[in-house]
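Here's the letter readout for the chains.
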Amino acid sequence: MATEAAELVFDEATKVYPGREGAAVDHLSLTVPAGEICVLVGPSGGGKTTALKLVNRLIPLTSGYIRIDGRQIGDYDVTELRRSIGYVIQQVGLFPHMTVEANIGTVPKLLGRPRSWIKERSAELLELVGLDPSYAKRFPAQLSGGERQRVGLARALAANPPLMLMDEPFGAIDPIVRARLQDEFLRLQREIRKTVVFVTHDIDEAIKIGDRIAILREGGKLAQYDTPQQILEHPVDDFVADFVGRDRALKALALRTLGELELSPATEDGLPRLPADTSLRDALALLIAERRDALVVVSADGAPLGVVKREDLLK
Amino acid sequence: MIGFHEAGGPVIPNFGRGTDCLRNNHWFCPSWVRENWGDTLQPALIQHIELTLVVVAIGFAIAFLLALAGFRWRFLDPPLGAATDVLYTLPSIALFTVLVSITGLEVITIAIPLVAYTLFILYRNIVTGLRSVPADVLESARGMGLTRRQTFTKVELPLATPAIMAGLRIATVSTISIATIGAFFINYGLGTPIFDALGVADIFRTKLLAAGGLVILLALVADVLLSLLQRALTPWSRTR
């Protein structure tokens, strides 16, 4: 497995639990390009977590294939496979008897990295996930929920895996901290460019985090696999439309910014002004609140770039 | 019964030549303790400590192996738990008596029941400790690629330490106390001066109190030392 990012392919991947009616994951086929975040989302019973755990063989495949950079997961030694995949779970699962540094160093230590390497790497990762280096010597019981999940992320990244599996990593964290962790995770991902499979039941989180979203319906069937924009604007059926919500048009607006629109020349006469990186959703909210029909888009230093009418936002 | 007690100090105090304190058989005469420390109390104390250490060490070794089996193969846990439970139920005096007929009047006659009694508490605590590891911790260990053996040595065993140490504390303290009763049969440990003191016409009060006090002191010191060891071994549980 390469240390950069790996392409992940589900090829007719199926999981049937013996003695249970129907499949948990049903002939799932999708490709996650290297360096992208694929979010698995859907109602409970959709098999998202099962699909995730098929990848690191915590759950064995019933039939079909999963390939990482072209090599079937069954061809790896299972221990070697798991050590080369970062794994983050909702309850974090930090080892309570180990310091933060020892937790982060778990896999590198198994891989025979020297102590000095682990020390350095853990300091580097703590900084990357936004924690002070002084956290290295603390125990998990001394951390808040958000801090624990940051350490969990750092631990998963420790051996620089080309693929990360994240199972509702921010699910148990309060909304304000969750939003901050999501933002920081996206910033981090821009630096590290891992291939990520991310499970959530929260469609808003999926839209925010995912480069692509796979919506699974009950029985582990793939309903739609597409970019957030496509899913919001062109849901393939009623199930997907229902799942993304009645406000999907607004959610789609939240994905685009004023800077992406064609602007008409600036003829400003006391119109509201908004920076170019404002989302269309926020711009529309402002126009409604101020009862206006148009606004002026300005650059970061405040120079007017052009005018946008209300109907331009809704095109 | 008195005939068994030959070693260790005057069985019948010579009230005629002793201090006032001894002549009046007061509850505590420091001068007697000073004079009889070297040839009565100290040897008995050392015997008691040695017996306790050997019994707890052997008991722990056996209980640990049994617990490993009961933890690894779940179907073994109920029968093993029940077996150690039955041993614990047997009255000590009865067990000592039966063993005298088999192993004779040797120290081993006391040691065997004492070891048997430690098994129950140690077995339960070790198995419970190993089982108490949270599911999310085990899942992350598996997901990160720890083998079964690594999960045991690096995660389950260290996390079971508080429960194991708690079991060791109880086992040690109860061994110290039950070992005293063993001297009813065999002259060994601090029970000997206690039964000696009880065996004379008017009860040798200062000897009784000195030896009994040493048993209590020994139990307290052992408990404190083990709790300090527990703290040293589990730095993570001191936080927060």
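Each chain has its residues counted from 1, following the order in which its sequence is written. All chains are assigned letters beginning at A, and all ligands numbers beginning at 1, according to the order in which they are written. Per-residue local features of the predicted model are confined to residues with pLDDT of at least 70, and side-chain atom pairs are confined, for both listing and counting, to 80 or more; whole-chain, interface and lining totals are unaffected and use all residues.

Asks: Sorry if this is basic, but what is going on with the overall build of chain B here?
Replies: Secondary structure elements follow DSSP: runs of H or I no shorter than four residues count as helices, runs of E no shorter than two count as strands, and numbering proceeds from the N terminus. The number of helices and strands found in chain B is 9 helices and 0 strands. Mapped in sequence order, the helices and strands of chain B form the string α-α-α-α-α-α-α-α-α. Computed over its C-alpha atoms, the radius of gyration of chain B comes to 22 Å, more than 25% above the 18 Å expected for a compact globule of 240 residues. Contacts here follow a simple rule: the backbone-placed C-beta atoms of the two residues must lie within 7 Å. Pairs at least 24 apart in sequence give 74% of the contacts found in chain B among residues at least 6 apart. Radius of gyration here uses only the C-alpha atoms, and the compact-globule reference equals 2.2 Å multiplied by the residue count raised to the power 0.38.

Asks: What should I look at first to understand the sheet that holds strand E8 (residues 195-200) of chain A in this one?
Replies: Strand pairing in a sheet relies on backbone hydrogen bonds. The paired strands run either parallel or antiparallel. Residues and elements named next belong to chain A. Only when DSSP finds a minimum of two bridges between them are two strands counted as paired. Taken together, the 6 strands give an open sheet; going across it, the order is E6-E7-E8-E3-E9-E10, and neighbouring strands pair in mixed fashion. Two strands in the sheet have a free side with no partner beyond their single neighbour: strand E6 (85-89) and strand E10 (221-226). On average, each strand axis in the sheet is tilted by 15° relative to the strand beside it, whichever way the strands run. Of the pairings in the sheet, the one linking strand E3 (residues 37-41) to E8 comprises 5 bridges and is parallel in character. Following the sheet pairing, Leu40 is matched in E8 by Val199. Lying over the sheet, helix H1 (residues 48-55) contacts E3, E6, strand E7 (163-167), E8 and strand E9 (212-217), oriented at roughly 150° with respect to E8. Packing of helix H6 (residues 145-157) onto the sheet brings it into contact with E6 and E7, and relative to E6 it is tilted by some 165°. For helices, the axis comes from a line fit to the C-alpha atoms of the stretch in contact; other axes are also lines fit to C-alpha atoms, and the angle between any two N-to-C directions lies between 0 and 180 degrees.

Asks: Honestly, the interface of chain B and chain A in this entry has me stumped. Any pointers?
Replies: When the parts come together, some accessible area is lost, and that loss is often what is quoted as the size of the interface. Taken together, the contact pairs 15 residues of chain B with 19 residues of chain A. For the side of chain B that touches chain A, the elements supplying multiple residues, two or more each, are helix H6 (135-143) and helix H7 (148-182) of chain B. When residues of the side of chain B that touches chain A are assigned to their parent elements, the largest contribution, 6 residues, is made by H6 of chain B. Partitioning the side of chain B that touches chain A into residue classes produces 6 nonpolar, 5 polar and 4 charged. Residue classes follow a fixed rule: Ala, Val, Leu, Ile, Met, Phe, Trp, Tyr, Cys and Pro count as nonpolar, while Asp, Glu, Lys and Arg count as charged, and any other residue, Gly among them, counts as polar.

Asks: Is there a simple way to explain the confidence of the model for chain B in this structure?
Replies: Regions with low pLDDT should not have their predicted coordinates read in detail. Residue and element names in this part refer to chain B. Per-residue confidence from the predictor is reported as pLDDT, which spans 0 to 100. Scored by pLDDT, chain B comes out at a mean of 88, with 92% of its residues at no less than 70. Scored below 50 in pLDDT, residues 1-8 shows 17 contacts in the model against residues more than four places distant or in partner chains. Here the complex is predicted with pTM 0.84, and the ipTM for its interfaces comes to 0.85.

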